[in-house]
Amino acid sequence: MKKSLLIFGGKSTAIEIRESVLIYPNLYDDVLLVVPDDEIVENNYDHILNKDLDLYTRNYDCKYIIGFTNISGRLKVQKKMKELNVSPTNVIDPSSFISETAKIGKGNFISSGAILSHKSVIGNHCIVHYHVSIGHDSHIEDNSIFLPGSRISGNVKIGNRVL
C-alpha cells in the first residue's frame, strides 16, 4: 500500500513542512496538501480537497501533520483524523538540533535551525518555526506554536494552545 503524508493547509507553514519532508527521498510515496474545497493551493502543489479525505485515507497508508495556526481548525482536523484512524507524525527538519534528552510528542513540525535543549519536552501538534530556541527543562504543552526566532529560556512551562 502506498505511504502518504497529508499536510493540512495550502499556504505558508504547510508549504514549509512540505519542503522539509521532500529533503528525504522515498520517505513517502505521496506528499499532499489537504485544503478546504474552495481554497487555491500556492504553486499548484499536489493536493486533495477536504471532501475527498474519507475516500483517500481508506485507500492509502496515511500519516498527517497540521500546517496552519487557527486553533479551532487544528482541533477539528485532529478530531476528524482520529475518527478516520489516521495517526499524526512529526516532521523534523535535518538542520534542527534536538538534544538526546528532549522528548517530542506526535504531529509536531520542528523547522530549520530550531533548537530543543536538554530535557525539553514538546507536546503534540506543536509548530516550532525557523530558529526557535527552547531552553533546558522547558515543558511545552499541546497545540502551541512558536513564531520564527522565538526564544524560550530554561525551565519554562508553556500551556496548551499558546501562540
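Placed above this text is the structure.
Let us look at the structure shown here. Please read all numbers here as calculations on a predicted model, not as lab measurements.

Some thoughts on the environment of S117
Then, number 1: Examined against the element boundaries, S117 turns out to sit in the loop between β10 (115–116) and β11 (121–122).
Then, number 2: Residue S117 is classed as partly exposed on the basis of its relative accessible area of 23%.
Then, number 3: Separated by 15 residues in sequence, S117 and A102 place their C-alpha atoms 6.6 Å apart.
Then, number 4: Residues in contact with S117, not counting those within four places in the same chain, are S99, A102, I134, G135 and H136.

Brief notes about the side chain of D30
Then, number 1: Assignment of secondary structure puts D30 in strand β2 (residues 30–35).
Then, number 2: Side-chain polar atoms of D30 contact the side chain of K2, separated by 3.4 Å.
Then, number 3: If we ignore the near neighbours within four places in the chain, the residues touching D30 are K2, K3, S4, L5, Y56 and Y60.

Digging into the packing of aromatic side chains
Then, number 1: Using the criterion set out here, one finds two aromatic pairs in the structure.
Then, number 2: Residue placement shows K3 over the ring face of Y28; its charged tip is 5.7 Å from the ring centre.

Some points on the pairing of β2
Then, number 1: Among the six residues that make up β2, six are buried, leaving the element largely enclosed by the rest of the structure.
Then, number 2: Neither face of β2 is open: one carries D30, L32 and V34, the other V31, L33 and V35, and all of them are buried.
Then, number 3: Where strand β1 (residues 3–8) meets β2, five bridges bridge the pair, whose relative direction is parallel. Counterpart to S4 in the pairing with β2 is D30.
Then, number 4: Assessed by its sense of winding, the connection that carries the chain from β1 through helix α1 (residues 12–22) to β2 is right-handed.
Then, number 5: For β2 and strand β3 (residues 47–49), the ladder comprises three bridges, and the chain directions are parallel. Bridge assignment links V35 to a residue of β3, and that residue is L49.

Digging into α1
Then, number 1: Burial of α1 is extensive: eight of the eleven residues sit out of reach of the surface.
Then, number 2: T13, A14, I15, E16, I17, R18, S20 and V21 are the residues of α1 that are buried.
Then, number 3: Each element contacted by the buried residues of α1 is listed here: β1, β2, β4 (61–66), β6 (91–92), β9 (109–110) and β12 (127–128).

Some thoughts on the pairing of β1
For a regular strand, side-chain orientation follows a simple rule: the groups alternate between the two sheet faces.
Then, number 1: Counting buried residues along β1, five of its six residues qualify, which places the element largely inside the surrounding structure.
Then, number 2: Relative to β4, β1 runs parallel, the two being bridged by six bridges. Each residue of the ladder has a partner; that of S4, found in β4, is C62.

A closer look at the nonpolar core
Then, number 1: Core analysis: the biggest nonpolar cluster contains 18 residues, and L5, I7, I17, V21, L33, I65 and V91 have the highest contact counts within it.
Then, number 2: Going through the elements one at a time, β1, α1 and β2 are the ones with two or more residues in this core.
Then, number 3: By residue number, the principal contributor to this core is α1, which donates four residues.
Then, number 4: Sequence-distant contacts of I7, that is, excluding residues within four places in its chain, are made with A14, I17, R18, V31, L32, L33, V34 and I65.

Focus: unusual backbone geometry
Then, number 1: Not every positive phi belongs to a glycine, and K119 is a case in point at roughly 60°.
Then, number 2: Structurally, K119 can be placed in the loop between β10 and β11.
Then, number 3: On the accessibility criterion, K119 (47% relative accessible area) is partly exposed.
Then, number 4: One non-glycine residue, R161, lies in positive phi territory at about 60°.

Procedures and definitions
- Residues numbered from 1 in each chain as written.
- Predicted model: local features only at pLDDT ≥ 70, side-chain atom pairs only at ≥ 80, totals over all residues.
- Heavy atoms only, no water.
- Helix = DSSP H or I, 4+ residues; strand = E, 2+ residues; numbered from the N terminus.
- Buried < 20%, exposed > 50% of the residue type's maximum accessible area, 1.4 Å probe, protein only.
- Contact = heavy atoms within 4.5 Å.
- Polar contact = N/O pair within 3.5 Å; in protein donor to acceptor, adjacent residues only side chain to side chain.
- Phe/Tyr/Trp six-rings, centres within 6.5 Å; stacked < 30°, edge-to-face > 60°.
- Lys NZ or Arg CZ within 6 Å of the ring centre and 35° of its normal.
- Pairing = 2+ DSSP bridges.
- Right-handed = clockwise from strand over helix to strand, strands pointing away.
- Core = buried A, V, L, I, M, F, W, Y, C linked by side-chain atoms within 4.5 Å.

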